[in-house]
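# Examination of the molecular architecture
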Amino acid sequence: MTTPLVRVNEFHKTYEVGFLRKKVQAVRGVSFEVNAGEIVGLIGPNGSGKTTTIKCLMGLSAPTAGSLEIRGVRTSEPAARERVGFLPENPYVYPYLTPREFVDLCARLSSVPAAERPARTAEVIERVGITYAADRPVGRLSKGMLQRTGLAAALVADPELLVLDEPMSGLDPLGRREVRDLVFEERRRGRTVLFSSHVLSDVEALCDRVVILHKGRVVERGTMRELVNRSATMIELTLRGVDEAARARLSTHGAVLRALDQELVLEVEGEEALTAVLAEALATKVQVVSAVPRKDSLEDLFVRKALGTADAAS
């Protein structure tokens, strides 16, 4: 059995905050794995523990309990981060440097041979789409261009593993599309990618597997095929001419989304429920305005898990 490239096992992280050193549990027993060649998405609402997990994985913070490993080496060891490219959530670039100078500096720090650095730097700057601004001071660049500079720095050492914390942050729709294409290209080159994002459509389009965090815990994980129902089992029916008696009968077959005057929007699941609603509508001379199939999405799953966890905790 192949050893995972990244392994997080029963990871806990507790911070002490304020004058009284109050303990706050940011992460509570998170476990997941990333296999070589995969794109894995780490998603969750603000404060769910995504960035804390990534920081501990990159050795920027120490776990309170549990273990985090890259290639079987604990992340407390510098050897774990060899051939790892990292883009933090808010990349800091010295404002007086140009993107070319900063990426070259990162190449030097990553022990890229001096003879290869100019060509490697130029290549990654072109790949992230900032060649036209490569020699401008970073302090004059937009948030999106700064993000691209950080991404070029993560790529310059030809990493085996890319760890990207909110890589789409600050990018316009075209920039997001370019970054998605770049991540796919890296996977085609044999790279492994672990990234966090709030843009669920990007996660759904990119990832082989996802890990959903909420309040420091894993609430769901698996492949996109396992978690997201691609078949259109939910159907949104719009009905007109529905009186109170008909509304009461029809609502037993599905969830009422909207009800205004004599119009009713009903969500039903499966052919059996749809057949029952249509039969009821025909019998009571209710007009069927539309029937729109709706496929499940990662956003639907995300909301269900977040709300379900919140309800269980209350």
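To keep things clear, this report deals only with the structure shown in the data block. Just so we're clear, the structure is a prediction, and the values are computed from it rather than from any experiment.

### Topic: the side chain of E69
Within the secondary structure layout, E69 lies in strand β4 (residues 65-70). Buried E69, no salt bridge; nearest opposite-charge side chain is R7, N-O distance 4.4 Å. Setting aside residues no more than four positions away along its own chain, E69 makes contact with L5, V6, R7, L57, R74 and T75.

### Regarding a nonpolar patch on the surface
Taken together, the side chains of Y15, V17 and V24 make up a nonpolar region of the molecular surface, amounting to roughly 210 Å² of accessible area. Summarising the element assignment, V24 is placed in strand β2 (residues 22-34).

### Digging into the packing of aromatic side chains
Each aromatic ring pair is summarised here by two numbers: the centre-to-centre distance and the angle between the ring planes. Here the structure, examined in full by the defined rule, presents 2 aromatic pairs. Look at Y92 and Y94: their rings are 5.8 Å apart centre to centre, the planes differ by 90°, and that puts the pair in the edge-to-face class. Judged by its relative accessible area of 59%, Y92 is exposed. Of the aromatic side chains, those joined through ring pairs into one cluster are Y92, Y94 and Y96.

### Topic: the sheet that holds strand β14 (residues 287-294)
Across a sheet, strands are paired by hydrogen bonds formed along the backbone, either parallel or antiparallel in direction. Within the open sheet, the 4 strands sit side by side as β12-β13-β11-β14. Their pairing is antiparallel. Bordering the open sheet on either side are β12 (255-260) and β14, each of which pairs with just one other strand. Across the sheet, the mean angle separating the axes of adjacent strands is 15° when strand polarity is ignored. In the packing of helix α9 (residues 270-283) onto the sheet, contacts are made with β11 (234-240), β13 (263-269) and β14, and the angle to β13 comes to roughly 150°.

### Looking at the sheet that holds β4
Spatially, β2-β1-β4-β5 is the arrangement adopted by the 4 strands of the open sheet, whose pairing is antiparallel. Each end of this open sheet is capped by a strand with a single partner; those strands are β2 and β5 (73-74). Note that strand β1 (residues 6-17) and β2 share 10 bridges and pair antiparallel. If you follow E16 over to β2, its bridge partner there is K23.

### Concerning the pairing of β11
Regular strands have side chains that alternate between both faces of the sheet. When you tally the buried positions in β11, you get 5 out of 7 residues, the bulk of the element. Of the pairings in the sheet, the one linking β11 to β13 comprises 7 bridges and is antiparallel in character. Within the sheet, the bridge partner assigned to L237 lies in β13 and is L266. Sheet analysis places β11 next to β14, joined by 7 bridges and oriented antiparallel. Its bridge partner being in β14, I235 is matched across the sheet by P293.

### Observations concerning the nonpolar core
Counting residues in hydrophobic clusters, the biggest one holds 47 residues, and the most contacted among them are L151, L164, F195 and L298. It is helix α4 (residues 143-155) that provides the largest number of residues to this core, a total of 7 residues. The contact partners of L298, leaving out residues within four places of it in the chain, are I43, L200, V203, E204, V210, M224 and V228. Ranked by size, the runner-up nonpolar core spans 24 residues in total, among them L5, F11, V40 and L194.

### What to know about the packing of α4 against helix α5 (residues 173-188)
Contact geometry for α4 and α5: axes closest at 13 Å, N-to-C directions at 5°. Between α4 and α5, the angle falls in the class roughly parallel. In contact with R148, L151 and L155 of α4, α5 contributes G175, E178, V179, L182 and E186. Looking at the contact of α4 with α5, its residues break down into 4 nonpolar, 1 polar and 3 charged.

About the thresholds
- Residue positions are counted from 1 within each chain, in the order its sequence is given.
- Where local features are concerned, this predicted model is filtered to residues with pLDDT of at least 70; where side-chain atom pairs are given and counted, the filter is 80 or more; whole-chain, interface and lining totals use all residues.
- The basis for every side-chain value is the complete set of heavy atoms in the structure, and neither hydrogens nor water enter the calculation.
- Runs of E in the DSSP output that reach at least two residues are strands. Runs of H or I that reach at least four are helices, and both are numbered from the N terminus.
- Each residue gets one of three labels from its accessible area relative to the maximum for its type: buried under 20%, exposed over 50%, partly exposed in between, using a 1.4 Å probe on protein chains only.
- Charge counting follows a simple rule: Lys and Arg are positive, Asp and Glu are negative, and His as well as the terminal groups are ignored.
- Definition used for salt bridges: Asp or Glu carboxyl oxygen within 4 Å of a side-chain nitrogen of Lys or Arg.
- We call two residues in contact when some of their heavy atoms are within 4.5 Å.
- What makes a patch is a set of residues exposed beyond 30% relative accessible area and free of salt bridges, joined within 9 Å when like-charged and within 5 Å when nonpolar (Val, Leu, Ile, Met, Phe, Trp, Tyr).
- The Shrake-Rupley method, run with a 1.4 Å probe sphere, supplies the accessible areas, and residue values consider only the shown protein chains as cover.
- To pair, rings of Phe, Tyr and Trp, with the six-membered ring standing in for Trp, must have centres within 6.5 Å; the planes then decide the type, stacked if under 30 degrees apart, edge-to-face if over 60, and tilted in the middle.
- Paired strands, in this sense, are two strands between which DSSP finds at least two bridges.
- What counts as an axis is a line fitted to C-alpha atoms, over the stretch in contact for a helix, and the angles between N-to-C directions run from 0 to 180 degrees.
- For the purposes of this section, nonpolar cores are sets of buried Ala, Val, Leu, Ile, Met, Phe, Trp, Tyr and Cys residues that join through side-chain atoms within 4.5 Å.
- Throughout, the term roughly parallel applies to angles under 35 degrees, roughly antiparallel to angles over 145, roughly perpendicular to angles from 65 to 115, and oblique to all others.
- Note on residue classes: Ala, Val, Leu, Ile, Met, Phe, Trp, Tyr, Cys and Pro are nonpolar, Asp, Glu, Lys and Arg are charged, and everything else, Gly too, is polar.

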